[in-house]
Amino acid sequence: MELRKNYFADQRKDDLHEIGQPRPRSDSPGHVTGKTAYFADRNFPGMLHLKMVRSPHHHARIRSIDTSEAEKHPGVVKVLTAKDVPHNVYTILILIQIGPEDETVLADGKVRWKGEAVVAVLAETERAAQEAAAKVKVDYEVLPAVFDMEEALKPGAPLVNEYHGQNYYLYDSGECRKVRFGDVEAGFAGADHVLEQTYQSSPIEHAPTETTGCIVAPEGNDRFTCYTNTQAMFFTLDNASIILQMPGNKLHFVGGTVGGGFGGKVDVIVEPIAILGAKLTGRPVSFIYSREEEMQISSPRAAEKVVIKDGVMNDGRIVARKVTGYTDAGAYSRHSPYGAQKGAGHYPGPYTIPNVWIDTYCVYTNRTPSSAMRGFGVTIGDFALEVQMDKLARLIGMDPLEFRFINAYRDGDMKAHRQPTEGAALIECMQEASRAANWPVAEKYLSMSSYPKGA
Amino acid sequence: MAKVPVQFTLNGAEKAEFIDSGTTLLNALRDKIGDTSPKGGCHQGTCGACSVIIDGELRLSCLTLAETCNGAAIITTSGLSEGGVLHPLQRAFLDAFATQCGFCTPGMIMAAKVLLDHTPNPSRDEVVEALSGNICRCTGYEPIIQAVLTAARSNSQNAA
């Protein structure tokens with residue numbers, strides 16, 4: 001790779017010993033010899049297998065649960081329901097004071113999405129656990145469900161999650177995250193053109209090659225070792241501690257090898273219930289998602305809807321941008337309120353726009369809870385913003401790359417959330433991109449710099 | 001459940017086990033014999049992470065019943081290096097940065113080995129075709145393809 005050392009030459013250090021030097025990865029010898037130990041590469045004598053009974057309905061009241069036939073099934077050792085979980089209602093981000101607790105480990109009284117965990121069956125073999133799970137009888141009263149974010153926000157929509165009281169996440173500042181900068185209506189009034197477009201995305205599954213799971217071994221001294229492929233070791237340890245009402249020193253988490261994650265393994269779903277199973281049976285417990293569960297049950301990237309309205313001048317300057325973003329959290333918060341909030345800060349894009357107005361909503365629906373995935377909250381936003389940029393350039397008959405040079409933020413520019421721009425280097429990146437892609441731009445753009453204007 | 005005897009060689013060593021009839025070769029290798037180098041990604045024959053070589057042919061161990069392997073010679077990634085020296089493919093994967101999470105790596109190496117055993121100097125298209133049954137979610141495949149081509153080149157140099 002060629003390094004362009006002429007950029008920011010006065011800010012560059014060339015006496016570094018590690019950065020820019022190739023180093024072998026410490027884990028690849030294990031990978032190529034098949035010796036790297038993933039959580040499921042352990043096998044304990046007497047290990048039980050956990051299978052989950054899941055809701056077949058998107059939204060339903062649970063009238064009753066009958067586990068008697070399942071308990072009689074050969075090989076079944078224990079059947080767990082909500083009443084067995086010490087602190088059954090939790091939310092992952094409570095660790096950083098983001099509440100309310102809104103999700104159940106095992107459904108209690110109600111299910112809010114199709115696939116929600118209701119009853120856990122522990123048996124000697126995977127097959128026995130599966131057969132017994134099929135014998136659990138749950139009597140549901142199906143309730144009206146809502147799948148569309150705008151429908152969910154309408155008055156009279158079915159209430160998805162009682163712990164919130166309304167179908168949106170209540171931020172400190174109100175029903176959405178807001179950014180206000182300048183006077184957006186005045187900006188539109190003075191613009192040569194106004195373009196409003198709506199962009200939508202579907203949920204996206206990470207599909208890691210290794211499915212989500214863990215193996216828990218009781219250590220015999222009231223301590224439990226949990227081998228897991230979580231991407232969030234301490235989130236998982238601390239949430240398990242809360243859910244199980246066990247001090248953290250009773251829980252020993254072993255991880256570090258993750259067979260693909262991409263954000264899909266940051267939720268705390270399999271570990272607490274597997275530890276509980278090991279605690280109540282005194283035996284090792286394995287809880288591993290089947291491929292079908294991985295695709296259907298694990299939290300995807302949120303579906304998003306982004307409405308962007310831009311005011312643009314004939315000379316290429318964007319003078320006003322109004323964005324309303326909707327993030328489909330599904331039935332529970334998990335990491336979605338954070339994703340929606342990130343979007344609020346991100347929607348102005350890497351552009352300097354004098355008048356900005358942004359609202360982003362985190363909406364609850366009866367869909368699979370969404371959560372982290374590779375830049376969640378900003379990735380779909382970037383897609384929408386850059387498609388919008390191309391449309392704006394076309395609208396005023398300008399080259400799309402030159403249009404971006406005109407609006408690119410540069411060091412010292414004030415961003416809409418009132419953080420001055422530092423170390424942008426966007427101009428320089430676009431200059432390189434212009435050369436690399438053989439997409440010529442006028443000479444005046446090639447002589448621009450991200451350094452403070454006029455400096 | 002009926003137990004059946006099964007006997008095969010694994011990476012050259014004789015194995016004899018009584019297994020539950022219907023056990024997949026993947027589960028027999030991992031849970032019974034203790035070779036965890038084949039990985040269970042999908043258990044339905046689509047991800048390739050469990051690929052092993054049976055009598056010279058690339059096979060999905062999750063779709064192969066252990067009891068059908070009587071008398072077979074089975075090779076897994078854990079048996080490729082000899083005396084602590086990496087196989088050229090393992091060396092190439094290591095050097096070419098062709099592993100990230102590592103979960104697909106053993107299956108990829110098995111698929112690549114069968115290709116190079118049959119086609120010592122494959123074209124890029126032949127490498128792509130040979131790896132098409134193996135899913136990787138991290139690397140984007142290009143470093144893996146380059147590793148296989150590199151291993152092929154070093155093989156042909158050794159032969160020359």
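Since this is a predicted model, take the numbers as computed values, not measurements.

*Asks:* Can you help me understand the overall build of chain A in this one?
*Replies:* Within chain A one finds 13 helices and 17 strands. The C-alpha extent of chain A, read off along each of the three principal axes, is 80 × 60 × 35 Å. Per-residue burial for chain A yields a buried fraction of 54% across its 455 residues. Here the contacts in chain A between residues at least 6 apart in sequence split such that 78% fall between residues at least 24 apart. As displayed, chain A has an accessible area near 19,900 Å², and 52% of this comes from carbon and sulfur atoms. In chain A, 50 positive and 57 negative side-chain charges are present, and the distance between their average locations comes to 2 Å.

*Asks:* I keep staring at the interface of chain B and chain A and nothing clicks. Help me out?
*Replies:* A common way to state how big an interface is: give the accessible area lost once the parts meet. Counting residues at the interface gives 30 residues for chain B and 27 residues for chain A. Carbon and sulfur atoms supply 55% of the area buried between chain B and chain A, which totals about 2,100 Å² over both sides. If you sort the residues of chain B by the area they bury against chain A, Cys101, Phe103 and Arg137 of chain B come out on top, with a joint share of 27%. Linking chain B to chain A there are two salt bridges. Note that Asp41 of chain A is salt-bridged to Arg30 of chain B, the shortest N-O span being 2.7 Å. Taken together, chain B and chain A are joined by 14 residue pairs in polar contact (both at pLDDT 80 or more).

*Asks:* In this structure, what is going on with the state of the cysteines? I would like to understand it.
*Replies:* Covalent bonding between the sulfur atoms of two cysteines defines a disulfide. The final tally for this structure, using the stated rule, is zero disulfides over all chains. Of all cysteine sulfurs, the one in Cys362 of chain A lies closest to Cys176 of chain A, which takes part in no disulfide; the gap is 11 Å.

*Asks:* Where do I start with the sheet that holds strand E15 (residues 304-312) of chain A in this structure?
*Replies:* Either a parallel or an antiparallel arrangement is found when strands of a sheet pair, and the pairing is made through backbone hydrogen bonds. All names here are of chain A. Taken in spatial order, the five strands of this open sheet run E9-E17-E16-E15-E10, and their pairing is mixed. The open sheet has two edge strands, strand E9 (177-181) and strand E10 (193-200), and neither has a second partner. Looking at each pair of strands side by side, their axes are set apart by 5 degrees on average, direction ignored.

*Asks:* Please explain helix H1 (residues 25-33) of chain B as it appears in this structure.
*Replies:* Residues spaced three or four apart along an α-helix face the same direction, because each turn holds 3.6 residues. All names here are of chain B. Among all positions of H1, only Leu25, Leu26, Ala28, Leu29, Arg30 and Ile33 are buried. Tucked into the core, H1 has its buried residues touching strand E1 (3-10), strand E2 (13-20), strand E3 (51-54) and strand E5 (73-75). Trailing H1 by a residue or two, Gly34 shows a phi angle of about 90 degrees, which is positive.

*Asks:* Please explain the environment of Asp102 of chain A as it appears in this structure.
*Replies:* Residue and element names in this part refer to chain A. Inspection of the secondary structure puts Asp102 in the loop between strand E4 (89-90) and strand E5 (103-104). Placed 108 residues apart in sequence, Asp102 and Glu210 show a C-alpha to C-alpha distance of 28 Å. When neighbours within four sequence positions are excluded, Asp102 is seen to be in contact with Val89, Tyr90, Thr91, Asn161, Tyr163, His164, Tyr332, Ser333 and Tyr364. At 2.7 Å, the side chain of Asp102 and the side chain of His164 are in polar contact.

*Asks:* Sorry, what's going on with the pattern of salt bridges here?
*Replies:* Where charged atoms of side chains with opposite charge meet at close range, the side chains can pair. Residues and elements named next belong to chain A. On inspection of all chains with the given rule, the structure shows 30 salt bridges over all chains. When the shortest N-O distance is used, the salt bridge between Glu18 and Arg23 registers 2.9 Å. Across the salt bridge formed by Asp315 and Arg317, the nearest N and O atoms sit 3.0 Å from each other. Classification of Arg317 by relative accessible area gives partly exposed; the value is 41%.

*Asks:* Help me out: how do you make sense of the side chain of Thr105 of chain B in this one?
*Replies:* Its place among the elements puts Thr105 of chain B in helix H3 (residues 105-118). The class for Thr105 of chain B is buried, based on a relative accessible area of 1%. Those residues in contact with Thr105 of chain B that sit more than four places away from it in its chain are His31 and Val32 of chain A together with Phe93 and Thr99 of chain B.

The rules behind the values
- All residue numbers refer to position in the chain's written sequence, counted from 1.
- Working convention: letters from A go to chains and numbers from 1 go to ligands, in the order in which they are written.
- Where local features are concerned, this predicted model is filtered to residues with pLDDT of at least 70; where side-chain atom pairs are given and counted, the filter is 80 or more; whole-chain, interface and lining totals use all residues.
- By convention in this description, side-chain values take in all heavy atoms of the structure and omit both hydrogens and water.
- Helix and strand assignments come from DSSP, with helices taken as H or I runs of at least 4 residues and strands as E runs of at least 2, each series counted from the N terminus.
- Think of it in three bands: residues with accessible area under 20% of the maximum for their type are buried, residues over 50% are exposed, and the middle band is partly exposed, with areas taken using a 1.4 Å probe on protein chains only.
- Whether two residues are in contact is decided by their heavy atoms, any of which lying within 4.5 Å being enough.
- Only the protein chains shown count as cover for residues, with accessible areas throughout obtained via the Shrake-Rupley method and a probe of 1.4 Å.
- Here Asp and Glu are counted as negative and Lys and Arg as positive; His is not counted, and neither are the chain ends.
- Taken as the charge centre is NZ of Lys, CZ of Arg, CG of Asp or CD of Glu, depending on the residue.
- Note: buried area is the sum, over both parts, of the accessible area (probe 1.4 Å) each one loses when the two are combined.
- By definition here, a salt bridge exists when the distance from a side-chain nitrogen of Lys or Arg to a carboxyl oxygen of Asp or Glu is within 4 Å.
- Pairs of N or O atoms are called polar contacts if they sit within 3.5 Å, as long as, within protein, a hydrogen donor faces a hydrogen acceptor (for residues adjacent in sequence, only side-chain-to-side-chain pairs).
- Criterion for a disulfide: a pair of cysteine sulfur atoms at a distance within 2.5 Å.
- Only when DSSP finds a minimum of two bridges between them are two strands counted as paired.
- Helix axes are fitted only over the stretch in contact, all axes being lines through C-alpha atoms; the angle between N-to-C directions runs from 0 to 180 degrees.

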